[in-house]
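The chain contents come next:
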Amino acid sequence: MNNYFVRRILQIIPVLLIISFIVFSLVFVAGDPVALMLPDDASQEDVELLRESLGLNEPFLVQYGTYVANFVQGDFGESYRYGQDAMSVVLERLPATLELAIAALLIALVISIPLGIWSATKQNSGIDLIATGAAVLGKAMPNFWLGIMLILLFSVSLSMFPVSGRGTLAHLVLPSITLGTGIAAEMTRLIRSSMIETLNQDYVRTAKSKGLKNRIVVYKHAFRNSLIPVITITALQTSTLVGGTLITETVFSWPGMGQLLIQAVNTRDMAIVQASVFVIALLVILMNLIADLLYRLLDPRIKYN
Amino acid sequence: MSHESQAVINEVSEDSIRKKPSSFKRWSKLLLRSKTGTVGLVIVLFVFLVAVLAPVLAPHDPAAINAANMLKPPFWMEGGSTAHLLGTDNLGRDILSRIIYGSQISLLVGITSVVVAGIIGVTVGLIAGYYGGFIDNALMRLVDSFLAIPTILFALVILSVFGPSVITLIFVLGATNWVNYARLVRGEVLTIKERDFVRAAHSIGVKSNKIITRHLLPNVISSFIVISTLSVATTIILEASLSFLGLGVQPPTVSWGSILSDGRDYLATSWWLATFPGVAITITVLGIIFLGDWLRDVLDPRSKAK
């Protein structure tokens, strides 16, 4: 078991290396950052000097080697726009993004767990149709459009919540609902099918046939066991969740990593772009790892090989 | 005749029966049995026709600026007129015409990028699944790396490097979505290659590339079609998101996402600007999902049991 954990953690290394290579190649192709870093009237000599000091005259692989050495330490250079270490600029924005992501995840869980169970136990009933219908609709609606519609309804028409920004709990309501519903849609569907699968298991049938109350069978036998895949499902949503924050933050001017990243992309602040990609990728990888480990801890049937 | 070759013959004949082109009648019967499938097909056909016939259907030039007609509401509201059924935007452009033309970009980007993703993904999946070992390991680590970067983030990085355009958009979305196909196809290949007809082909010395193209590829096509359809739906949303962020399609080309983005600044006064393109996206995506679900039920009998 320990062996498995160690191997699983070691597997992160090649993944991070490949990500670093993809990002580095892209930035390499993007061309010279020097033009952006110097004022327009800089002389040719200044340009050459800066190129030399940044190591931009070295061959691709040498540059990549230096890059990896810095990458491992989380050093992505200075943001030319903020004049600070890119990583610290990104990390400053991380709490805002995590706040939004966690609030959205909670909303998603609160909606999808009861809805998923309910619709699974009453398959093809009215409730099931509404739940699955809502899930499909949630998937079909673009997240950012839902956000705009919520602003239109609750901020513009009803003046119940602020349009944008971060600070009070009221600020958090609309962005987290926006982000949460998209994830809830996907999770409801997955929880429903996981629950249906559990309800068809022999031990559930046995419990039913020996005359246990339906409620006890559903909650004590089926629900507990279908919780296991729910954990994996939740963790697998991390990537969607983080991707969703990028857009939701822009819609609501939420001062998180996503907003920072989109600004950085627009101003070609590559140091910030790279640092954010690194942080986000690491976040996703770690969440998947945690899910994998939890899954194996909770389900003794799974072998470690 | 040995037991094994008999099994091979059974497999082959089973396969050839399955491969027989299904008659139009059978398909339409299967389609009409599913209400959502029918609705899905109708929506998809409708959007497709709108996109193709856009120059005929659109009442106005989608890019025509008209200062006298700025921010006119839809026809049923006070101040609206039937000349602009869904109103006009901040530059006096006709919203309905812009939405009609926007369907072209959604379908173009949605479908072509899925084709790009499919070609890369299926190739990688076939190779990884068939050869196994080191190649499989290396390719799957590559897939893991791509999976660790949210699609939209990856798209943003590439667009920031190459600059936004329709072609870049298609390739970006293709280059980010291939991992799903690779994973799926690899998984399928792992089971198919253990089946008797592939083993038999091996034992009589059929070359690897022929086994891949003749025996493995046809057997993964149906799952490929199913996830492709659903993938078109998510890609349309992704394209709209990127265009909304200003990193997708650039003016004067119209995208539903960019109409929405224009409308965001006028929420307080002109709700219709941001509302209608979103409705268009939602209905289109809904139609594609319905169609995709129906295709899954028809092509993958295993899922029907659930």
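Residues numbered from 1 in each chain as written. Chains lettered and ligands numbered in written order. Predicted model: local features only at pLDDT ≥ 70, side-chain atom pairs only at ≥ 80, totals over all residues. Heavy atoms only, no water.

The name an unreviewed UniProt entry gives chain B is ABC transporter permease, with Planococcus salinus as the organism. Note on chain B: under the UniProt heading Sequence similarities (unreviewed entry), the record states "Belongs to the binding-protein-dependent transport system permease family." A UniProt comment under Subcellular location (unreviewed entry) is attached to chain B, and it reads "Cell membrane". (UniProt positions renumbered as here; feature names shortened; annotations may be inferred.)

By the naming in an unreviewed UniProt entry, chain A is Nickel import system permease protein NikB, taken from Planococcus salinus. The record held by UniProt for chain A lists under Subunit (unreviewed entry) the comment "The complex is composed of two ATP-binding proteins (NikD and NikE), two transmembrane proteins (NikB and NikC) and a solute-binding protein (NikA)." The UniProt entry for chain A carries the following text under Subcellular location (unreviewed entry): "Cell membrane".

**Q** Explain the overall build of chain A to me, using residue names and the numbers behind them.
**A** Along its length, chain A carries 13 helices and 0 strands. Mapped from its N terminus to its C terminus, chain A presents α and β elements in the order α-α-α-α-α-α-α-α-α-α-α-α-α. For chain A, the spread of C-alpha atoms along the three principal axes comes to 85 × 60 × 30 Å. For chain A, the share of sequence-separated contacts (at least 6 apart) that also reach a separation of at least 24 residues comes to 73%. Approximately 15,100 Å² of chain A is accessible, and the part contributed by carbon and sulfur atoms is 63%. (Helix = DSSP H or I, 4+ residues; strand = E, 2+ residues; numbered from the N terminus. Contact = heavy atoms within 4.5 Å. Areas by Shrake-Rupley, 256 points an atom, 1.4 Å probe, with all protein chains shown as cover.)

**Q** Summarise the UniProt feature "transmembrane region" (unreviewed entry) in chain B; cite the residues concerned and give the values.
**A** All names here are of chain B. Sites flagged by UniProt as "transmembrane region" (unreviewed entry) map to residues 37-58, 107-132, 152-176, 216-238 and 271-295. Taken end to end, residues 216-238 is 100% helix and 0% strand, and its first and last C-alpha atoms sit 31 Å apart. Summarising residues 271-295: 96% helix, 0% strand, and an end-to-end C-alpha distance of 37 Å.

**Q** I'd like to hear about the packing of aromatic side chains, residue by residue, with values.
**A** Residue and element names in this part refer to chain B. Taken as a whole, this structure holds 6 aromatic pairs over all chains when the rule is applied. Their ring planes at 50° and their centres at 5.4 Å tell us that Tyr181 and Phe224 sit as a pair that is tilted. A residue pair is termed long-range when its members are at least 10 positions apart, and Tyr181 in helix α8 (residues 166-192) and Phe224 in helix α10 (residues 208-244) qualify at 43 residues. Classification of Tyr181 by relative accessible area gives buried; the value is 1%. Ring centres 5.9 Å apart and planes at 85° place the aromatic pair Trp271 and Trp272 in the edge-to-face group. Look at Trp272 and you get buried, because its relative accessible area is 4%. Taken together, the ring pairs connect Trp271, Trp272 and Phe276 into an aromatic cluster. (Phe/Tyr/Trp six-rings, centres within 6.5 Å; stacked < 30°, edge-to-face > 60°. Buried < 20%, exposed > 50% of the residue type's maximum accessible area, 1.4 Å probe, protein only.)

**Q** Residues and numbers for the UniProt feature "transmembrane region" (unreviewed entry) in chain A, please.
**A** Residue and element names in this part refer to chain A. When the UniProt feature table is mapped onto this chain numbering, "transmembrane region" (unreviewed entry) sits at residues 12-31, 100-121, 142-161, 167-185, 227-252 and 272-295. Along residues 227-252 the backbone is 96% helical and 0% strand, and the end-to-end C-alpha distance reaches 33 Å. Across residues 272-295, helical content stands at 100% and strand content at 0%; the span's end C-alpha atoms are separated by 34 Å.

**Q** Please provide a residue-by-residue account of the nonpolar core, values included.
**A** Most often, soluble globular proteins keep nonpolar side chains buried together rather than apart. If you look at the biggest cluster of nonpolar residues, it comprises 123 residues, and the most contacted ones within it are Ile19 of chain A together with Leu156 of chain B. Here this core takes 14 residues from helix α13 (residues 270-298) of chain A, the largest share from any one element. Ignoring anything within four residues of it in the chain, the contact list for Ile19 of chain A reads Val277, Ala281 and Ile285 of chain A together with Ser145, Ala148 and Ile149 of chain B. (Core = buried A, V, L, I, M, F, W, Y, C linked by side-chain atoms within 4.5 Å.)

**Q** Requested: an account of the packing of helix α5 (residues 95-131) of chain B against α10 of chain B, with residues and values cited.
**A** Geometry of a packed helix pair, given as the angle between the helix axes and the separation of the axes. All names here are of chain B. Across the interface, α5 lies against α10 with an axial gap of 7 Å and an inter-helix angle of 145°. Crossing of α5 against α10: the hand is right-handed. Of the residues contributing to the contact of α5 with α10, the split by class is 16 nonpolar, 8 polar and 1 charged. (Axes fitted to C-alpha atoms, helices over the stretch in contact; angles between N-to-C directions. Left-handed = near helix turned anticlockwise from the far one by under 90°. Nonpolar A, V, L, I, M, F, W, Y, C, P; charged D, E, K, R; others polar.)

**Q** Which residues make up the side chain of Ser103 of chain B, and what values do they have?
**A** All names here are of chain B. Looking at the element boundaries, Ser103 is found in helix α5. The buried category is assigned to Ser103, whose relative accessible area is 2%. Leaving out residues up to four positions away in the same chain, Ser103 has contacts with Val47, Val50, Ala51 and Trp256.

**Q** Which residues make up the pattern of salt bridges, and what are the values?
**A** All told, the structure shown has 8 salt bridges over all chains when counted by the stated rule. As a salt-bridge pair, Arg189 of chain A and Glu186 of chain A come within 3.2 Å of each other at their nearest N and O atoms. Within this pair, Arg189 of chain A and its partner Glu186 of chain A are both found in helix α9 (residues 169-199), separated by 3 residues, close to a single helical turn. Taking relative accessible area as the criterion, Arg189 of chain A reaches 39% and is therefore assigned partly exposed. Salt bridges sharing common partners tie together Arg93, Arg98 and Asp262 of chain B. (Salt bridge = Lys/Arg side-chain N within 4 Å of Asp/Glu carboxyl O.)

**Q** Lay out helix α6 (residues 133-148) of chain B with the relevant residues and their values.
**A** Along its 16 residues, α6 of chain B runs 23 Å from first to last C-alpha, staying within 8% of the 22 Å computed at 1.5 Å per residue. Among the residues of α6 of chain B, Asp136, Leu139, Met140, Arg141, Val143, Ser145, Phe146 and Ala148 of chain B are the ones counted as buried. (Expected span 1.5 Å × (residues − 1).)

**Q** Go over the UniProt feature "domain: ABC transmembrane type-1" (unreviewed entry) in chain A, please, and point to the residues and values.
**A** According to UniProt, the positions carrying the feature "domain: ABC transmembrane type-1" (unreviewed entry) are residues 94-291 of chain A. Note that residues 94-291 of chain A is 85% helix and 0% strand, and that its end C-alpha atoms are spaced 21 Å apart.

**Q** Account for the packing of helix α11 (residues 214-251) of chain A against helix α12 (residues 257-267) of chain A, naming residues and giving values.
**A** Residues and elements named next belong to chain A. The geometry of α11 relative to α12 is characterised by a closest axis approach of 7 Å and an angle of 85° between their N-to-C directions. Judged on the interaxial angle alone, α12 and α11 are roughly perpendicular. Here α11 contributes Leu246, Glu249 and Thr250 to the contact with α12, which in turn contributes Met257, Gly258, Gln259, Leu261 and Ile262. Grouping the constituent residues of the contact of α11 with α12 by class yields 4 nonpolar, 3 polar and 1 charged. (Parallel < 35°, antiparallel > 145°, perpendicular 65-115°, else oblique.)

**Q** How would you explain the UniProt feature "domain: ABC transmembrane type-1" (unreviewed entry) in chain B if you had to name every residue and give the values?
**A** UniProt records the feature "domain: ABC transmembrane type-1" (unreviewed entry) for residues 103-292 of chain B in the present numbering. Taken end to end, residues 103-292 of chain B has its terminal C-alpha atoms 19 Å apart, with 84% of it in helix and 0% in strand.

**Q** Requested: an account of unusual backbone geometry, with residues and values cited.
**A** With a phi angle near 45°, Ser253 of chain A is a residue other than glycine that sits in the positive phi range. Judged by its relative accessible area of 34%, Ser253 of chain A is partly exposed.

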